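# Coordinate analysis (summary)
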Amino acid sequence: MKKLFYLSIFILFIGCKKEEQPTPLENTVQEDPASYQEIASISLGGVGSAEITAYDPLTKRLFAVNNGSVNKIDVIDMANPASIQVIASISLTNYGGSANSVDIYEGKLAVALESSDKQSNGKVIVFNTSTYAEIKVVTVGALPDMVCFTPDGKYILSANEGEPNDAYTIDPDGTVSIIKTSDYSVRTVNFAALQVQLPSLSVKGFRIYGPGKNFLKDIEPEYITVSDDSKTAWVTLQENNGIAELDVVNGVFKKIIPLGFKDYGKAGNESDLSDRDNKIEFNSLYSGVYGMYQPDAISFFKHNGTPYLFTANEGDAREYGGFAEMSRVNSSSILLDATRFPNATTLKGDAILGRLNITKTLGDGDGDGDLDSLFSLGSRSFSVWNALTGNLVFDSKNELDKKAQILGAYDDGRSDDKGAEPEAITTGRIGSKQIAIIGLERADAFAVYDITSPLTPVFIKMYKTGDAPEGILFISASKSPIGQSLIVVSSENDGTVRIYKANKL
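Residues numbered from 1 in each chain as written. Predicted model: local features only at pLDDT ≥ 70, side-chain atom pairs only at ≥ 80, totals over all residues. Heavy atoms only, no water.

Let us now look at the layout of surface pockets. Of the pockets and cavities examined, the largest pocket occupies roughly 740 Å³. Lining the largest pocket are 33 residues, with Glu51, Asp145, Glu222, Glu423 and Glu470 sitting closest to its centre. With four residues, strand β6 (residues 98-105) is the single largest residue contributor to the lining of the largest pocket. Class assignment of the residues belonging to the lining of the largest pocket gives a composition of 12 nonpolar, six polar and 15 charged. (1 Å grid on protein atoms, 1.4 Å probe; cavity = no way out; pocket = protein on both sides within 12 Å on 5 of 7 lines; lining within 4 Å. Points joined across faces, edges and corners; volume = space filled by probe spheres on them. Helix = DSSP H or I, 4+ residues; strand = E, 2+ residues; numbered from the N terminus. Nonpolar A, V, L, I, M, F, W, Y, C, P; charged D, E, K, R; others polar.)

Pairing in this open sheet of four strands is antiparallel, and the strands run β14-β15-β16-β17 from one edge to the other. Of all strands in the sheet, those bounded by a partner on one side alone are β14 (221-226) and β17 (252-258). Going across the sheet, the axis of each strand differs from the next one's by a mean of 25°, ignoring polarity. As paired elements, strand β15 (residues 232-237) and strand β16 (residues 242-247) share six bridges and run antiparallel to each other. Residue pairing for β16: Ala233 is matched across the bridge by Leu246. (Pairing = 2+ DSSP bridges. Axes fitted to C-alpha atoms, helices over the stretch in contact; angles between N-to-C directions.)

Quick look at unusual backbone geometry now. For Arg380, which is not glycine, the phi dihedral falls at a positive 55°. By the element assignment, Arg380 lies in the loop between β24 (374-376) and β25 (382-386). Judged by relative accessible area, which is 2%, Arg380 ranks as buried. The backbone phi angle of Ala468 is positive, close to 65°, even though this residue is not glycine. (Buried < 20%, exposed > 50% of the residue type's maximum accessible area, 1.4 Å probe, protein only.)

Applying the stated criterion to the full structure yields 18 aromatic pairs. For the ring pair Tyr168 and Phe323, a centre distance of 5.8 Å and an interplane angle of 80° mean the geometry is edge-to-face. With a gap of 155 residues between them, Tyr168 in the loop between β11 (155-160) and β12 (175-180) and Phe323 in the loop between β21 (306-312) and β22 (326-328) connect regions that are remote in the sequence. Residues Tyr168 and Phe323 agree in their burial class; the two are buried. Note on Phe382 and Tyr449: the rings are 4.7 Å apart at their centroids and 70° apart in plane angle, and the pair reads as edge-to-face. Remark: Tyr449 occurs in strand β29 (residues 445-450) and Phe382 occurs in strand β25; sequence separation between them is 67 residues. Like Phe382, the residue Tyr449 is buried in the burial classification. Here the aromatic residues Tyr36, Phe446, Tyr463 and Tyr500 are joined through ring pairs into a cluster of three or more. One residue, Arg207, lies across the ring of Tyr209, its end atom 3.8 Å from the ring centre. Just above the ring of Tyr209 sits the side chain of Arg318; from NZ or CZ to the centre is 4.4 Å. (Phe/Tyr/Trp six-rings, centres within 6.5 Å; stacked < 30°, edge-to-face > 60°. Lys NZ or Arg CZ within 6 Å of the ring centre and 35° of its normal.)

In total, this model carries 18 salt bridges according to the counting rule given. Here Arg355 makes a salt bridge to Asp275, at a shortest N to O gap of 3.0 Å. Taken as a pair, Arg355 in the loop between α5 (344-347) and β23 (357-359) and Asp275 in the loop between β18 (261-263) and β19 (289-292) lie far apart in primary sequence, 80 residues in all. The pair formed by Arg355 and Asp275 is uniform in burial state, with each residue classed as buried. Across the salt bridge formed by Arg498 and Asp494, the nearest N and O atoms sit 3.7 Å from each other. For Arg498, a relative accessible area of 18% translates into the label buried. Taking relative accessible area as the criterion, Asp494 reaches 23% and is therefore assigned partly exposed. Connected through salt bridges with shared partners, the residues Arg414, Asp417, Lys418, Glu421 and Arg442 form a single ionic network. (Salt bridge = Lys/Arg side-chain N within 4 Å of Asp/Glu carboxyl O.)

With that settled, the discussion passes to the side chain of Gln238. Structurally, the position occupied by Gln238 is in the loop between β15 and β16. Those residues in contact with Gln238 that sit more than four places away from it in its chain are Glu220, Glu222, Gln294, Pro295, Asp296, Glu314, Gly315 and Asp316. (Contact = heavy atoms within 4.5 Å.)

As a further point, take the sheet that holds strand β33 (residues 496-504). Judged by pairing direction, the sheet is antiparallel, and its four strands sit side by side in the order β1-β33-β32-β31 without closing on themselves. Of all the strands in the sheet, just β1 (31-43) and β31 (469-475) have a single pairing partner and so form its edges. Along the sheet, successive strands turn relative to each other by an average axial angle of 20°, direction set aside. As judged from the six bridges shared by strand β32 (residues 486-491) and β33, these two strands associate in the antiparallel manner. Counterpart to Leu486 in the pairing with β33 is Lys501.

Attention now goes to the pairing of β21. Summarising burial for β21: seven of the seven residues are buried, a large majority. The two faces of β21 match: Thr306, Tyr308, Phe310 and Ala312 on one face and Pro307, Leu309 and Thr311 on the other face are all buried. The sheet contact formed by strand β20 (residues 298-303) and β21 spans six bridges and is antiparallel. Within β21, the position partnered with Lys302 by the bridge is Pro307. The turn linking β20 back onto β21 is made up of two residues, and Asn304 within it adopts a positive phi angle of 50°. One ladder, built from five bridges, connects β21 with β25; its direction is antiparallel. Counterpart to Thr311 in the pairing with β25 is Ser383.

To continue, consider helix α6 (residues 399-407). Along α6, the residues classified as buried are Leu400, Asp401 and Ala404. The buried residues of α6 occupy an angular sector of 100° when the element is viewed end-on, so they sit on one face. If you follow the buried residues of α6, they end up packed against β25, β27 (422-430), β28 (433-440), β29 and β30 (458-464). Positive phi appears at Gly408, one or two residues downstream of α6, with a value of about 80°. (Arc of directions from axis to C-beta.)

Geometric values such as these leave the question of function open.
Now the structure itself:
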């Protein structure tokens with residue numbers, strides 16, 4: 001009876017990550033977070049064959065987005081995590097487009113499906129996790145990039161990125177769709193209510209910068225996390241360098257948190273910003289060089305009554321035929337202010353800053369045509385934000401890059417761009433410890449941190465994994481098929497899904 005009870009409680013969510021209260025099983029199962037080992041892996045094909053996964057404890061099945069040769073959801077038997085196999089596939093070919101995200105709640109699988117024409121409205125499709133039968137198809141906004149259930153299962157949320165076409169002549173609004181699971185009615189919400197705040201948001205680092213600088217069209221929702229009471233969601237606006245807070249029940253955006261910039265000239269932020277210096281060296285020669293946080297994944301964790309947001313600060317650019325924001329510092333079109341950068345010629349050398357990719361949309365503070373500051377993509381870190389105040393309370397600084405170097409996983413060929421490139425993040429509980437797991441797309445690794453005190457996360461260990469990890473899923477002991485926590489990593493470049501298990505203490 002006890003086993004059935006644990007299998008019947010709420011499932012784990014990959015995308016809308018919530019703080020979970022420890023169950024009796026999780027309190028009794030003590031594990032060593034520094035001892036995770038790969039116990040199984042499976043190839044689902046080539047590039048694009050393993051992107052995001054979600055686990056259903058009712059059927060002990062893992063559902064994986066596979067956009068390889070055929071658009072489908074692969075179903076993997078997880079009853080024995082050390083011996084996994086694909087037992088079925090849910091074809092998506094009749095729906096058009098391709099899947100971007102999946103999530104599960106009590107036997108229901110939600111799939112975010114972009115349209116074949118990315119600027120048209122997409123769909124959220126709900127399937128039965130036992131029979132794979134379609135339950136409902138719901139039309140949402142353009143380019144649904146991420147989908148998740150709220151903890152109480154009453155809503156499905158879809159982050160609709162609304163990317164433009166290559167010519168940048170068609171640019172849909174960025175929106176979030178709120179689907180009531182009781183009747184599958186949908187409300188799609190844009191950011192019109194917050195447009196009046198743009199001047200004050202911009203001063204604090206929020207970016208509206210596409211052609212025409214249209215507030216509604218320029219905002220691009222990326223990822224969602226939800227509070228434990230299911231009332232509030234936070235949405236990363238990656239290209240815009242912000243996080244939006246959504247009142248789920250009333251369908252209203254309450255505020256935008258602008259994230260500001262990271263100063264690479266400060267102690268602890270030393271970075272390697274050149275891929276042509278023939279070495280991996282983290283230094284602080286970069287006064288006037290900043291990183292835009294631009295988070296991809298986000299995870300919620302409530303501690304002592306205060307909600308915190310954990311972000312993986314990947315960074316992303318707009319590179320289209322009709323608008324391209326990036327340039328290398330050594331480009332002849334990039335002029336450095338002579339007062340701010342008196343050694344501009346030296347800095348433009350390939351071994352220093354010449355190869356660094358920066359945005360052309362920021363940096364000319366006095367409007368005289370040259371750059372007084374340089375702004376690169378992402379911040380090469382994960383961060384913790386107070387969700388009530390919007391304040392940054394922790395940043396991992398350069399630790400992820402340094403730990404990747406120690407592991408032998410740091411790719412110096414990405415030093416000019418985003419370093420180890422933290423993209424995925426999730427949180428979970430192991431016994432009495434709360435941990436964060438950060439996926440590093442370019443280091444092909446993931447890092448585990450002790451976040452029991454969210455103001456002072458402590459690095460535990462970094463682990464190698466498949467090529468370009470896209471999805472990180474934590475399965476708690478109470479929901480695991482073997483009564484121990486599991487980490488599932490899906491890697492988009494080699495199409496593999498890998499399972500990791502820790503040792504019991």
